[in-house]
Amino acid sequence: MSARDIYLSFFMFTVDLHPDDPQYTEVVVRHMTKLREMGYAGFDMPVFPPAAGDPQADVPRYEKLRKALDAAGLEDVGLTTNVATTPTHNPTSLIPEERETALAYLKSRVDITAALRGTIMAGPVLFPYNEFPTLNGKPLWSDALQDWLQPRYRVAQPLFGELGEYAADKGVRVAIEPVDHWETPAPNVARDVLDFLTGVSSPHIGVALDSSHVVLGSSGPEAYRRDIQDAADQQRLHHVQVSPPDRGEVADSWIPWRTFLEPVLPVYDGPLLIEVFNAIPAFLTSLRLTRRKFWIPTEDEPVPGVPSAYDVAEDGIKKLRSELATLHAT
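Before going into details, it helps to say that this report is about the structure given with it.

What counts, and at which threshold
- Residues numbered from 1 in each chain as written.
- Predicted model: local features only at pLDDT ≥ 70, side-chain atom pairs only at ≥ 80, totals over all residues.
- Heavy atoms only, no water.
- Salt bridge = Lys/Arg side-chain N within 4 Å of Asp/Glu carboxyl O.
- Helix = DSSP H or I, 4+ residues; strand = E, 2+ residues; numbered from the N terminus.
- Phe/Tyr/Trp six-rings, centres within 6.5 Å; stacked < 30°, edge-to-face > 60°.
- Buried < 20%, exposed > 50% of the residue type's maximum accessible area, 1.4 Å probe, protein only.
- 1 Å grid on protein atoms, 1.4 Å probe; cavity = no way out; pocket = protein on both sides within 12 Å on 5 of 7 lines; lining within 4 Å.
- Points joined across faces, edges and corners; volume = space filled by probe spheres on them.
- Nonpolar A, V, L, I, M, F, W, Y, C, P; charged D, E, K, R; others polar.

Regarding the pattern of salt bridges
Alright, step 1. With the rule as written, the count across this model stands at 18 salt bridges.
Alright, step 2. For arginine 117, the salt bridge goes to aspartate 70, with nearest N and O atoms at 2.9 Å. A residue pair is termed long-range when its members are at least 10 positions apart, and arginine 117 in the loop between helix H3 (96-115) and strand S4 (120-123) and aspartate 70 in helix H2 (residues 59-71) qualify at 47 residues.
Alright, step 3. Linked through salt bridges whose partners overlap, the residues forming this network are Asp20, Asp58, Arg61 and Arg109.

Considering the packing of aromatic side chains
Alright, step 1. In this structure the tally under the stated criterion is 12 aromatic pairs.
Alright, step 2. Plain terms: the ring middles of phenylalanine 11 and phenylalanine 277 are 5.0 Å apart, the flat faces sit at 45 degrees to each other, and that makes the pair tilted. Here the residue phenylalanine 11 occupies a position in the loop between strand S1 (6-9) and helix H1 (22-38), and phenylalanine 277 occupies one in the loop between strand S10 (272-274) and helix H9 (281-286), the gap between them amounting to 266 residues.
Alright, step 3. A residue is classified by how much of its surface remains accessible, and phenylalanine 277, at 7% relative accessible area, is buried.
Alright, step 4. When the ring of phenylalanine 127 is compared with that of tryptophan 148, the centres are 6.2 Å apart and the planes differ by 35 degrees; the resulting orientation is tilted. Of the two residues, phenylalanine 127 is situated in the loop between S4 and strand S5 (134-135) and tryptophan 148 in helix H4 (residues 142-170); the sequence distance between them amounts to 21 residues.
Alright, step 5. Each member of the aromatic cluster is reached from another via a ring pair, and the members are Phe127, Trp148, Tyr153, Phe160 and Phe196.

Quick notes on empty space enclosed by the protein
Alright, step 1. Under the counting rule described, the total for this entry stands at 2 cavities of 30 Å³ or more.
Alright, step 2. By volume, the largest cavity amounts to about 50 Å³.
Alright, step 3. Considering the residues around the largest cavity, the lining is formed by Pro178, Asn188, Val189, Ala190, Leu209, Asp210, His213, Val214 and Ser218.
Alright, step 4. Contributing elements (two or more residues each) for the lining of the largest cavity: strand S8 (205-210) and helix H6 (211-217).
Alright, step 5. Here the second largest cavity defines a volume of roughly 30 Å³.
Alright, step 6. Along its surface, the second largest cavity is lined by Pro124, Val125, Leu126, Phe127, Glu177, Val179, Thr184, Ala186 and Pro187.

Comments concerning the layout of surface pockets
Alright, step 1. Considering only enclosed or pocket space, the largest pocket measures out at about 510 Å³ in volume.
Alright, step 2. Along its surface, the largest pocket is lined by 27 residues, and Phe11, Asn82, Ala84, Tyr129 and Phe283 are the ones closest to its centre.
Alright, step 3. Among the residues forming the lining of the largest pocket, the class breakdown is 16 nonpolar, 6 polar and 5 charged.

This is the structure:
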């Protein structure tokens, strides 16, 4: 178990890879080269929604990025993608034309994942991230929220069935990530995703588990174990992320290592993704980050007493390997 592939999220550095910018591609290469020396086998790459126009036009841009990585000697680095839906690309919309727009967007993101030679596209791809519904200007919660959600789940199920078939042809699996209720209205726990998937025939649509959201929002360890087993029995446990509740350092965090990993490791053979949300501008308001930024070597001036992004990454992979070795030994 301790030899399992470990990936790092590029959220440590950016939410937008700027694949058309050769200078930023050099930055990506520099970070990947350093992190690979630490033992990272791959990276989770954020794929930004298009501002306007045909989302399919983004695909050649990421093909170009993959070619640049290969040319830099990083051809053996594994990649996954992180994708989110938005109000503009909303697969749960009750308006058919808007759902069609969302399906075209999600297919383009599958194509980008394939262009990067990735096999997993994960993230909050069901309901738009960080958008909370209202009625007459007042937020919906509890029973009213659940009633609002149900018809939107139903209209999204056929769309995800079609997306799953499309993804299968591309060699990609789509992992819907449940995100805690502090960040998004639904789905919040793995059971929400599994219930939704009862109406989606394709096993290429599955669930992504994130330790941060498990700790912040799950019902408890028994329910968690049942959900893991159900997802595994359905061959829908597609992605596993290791992230502290504060989305910061892994090495010293409140991750319940044994409770989180012990049910996962026997039924999941994919990479474990360390996800750290650095205090870069995109996350300051959405996650309400108050801690100092983990300064980024070659981009920021060192800050005394504050670890660098590389320090956090290196300490994190050492900690995760240590926990895996301990679990394997017992």
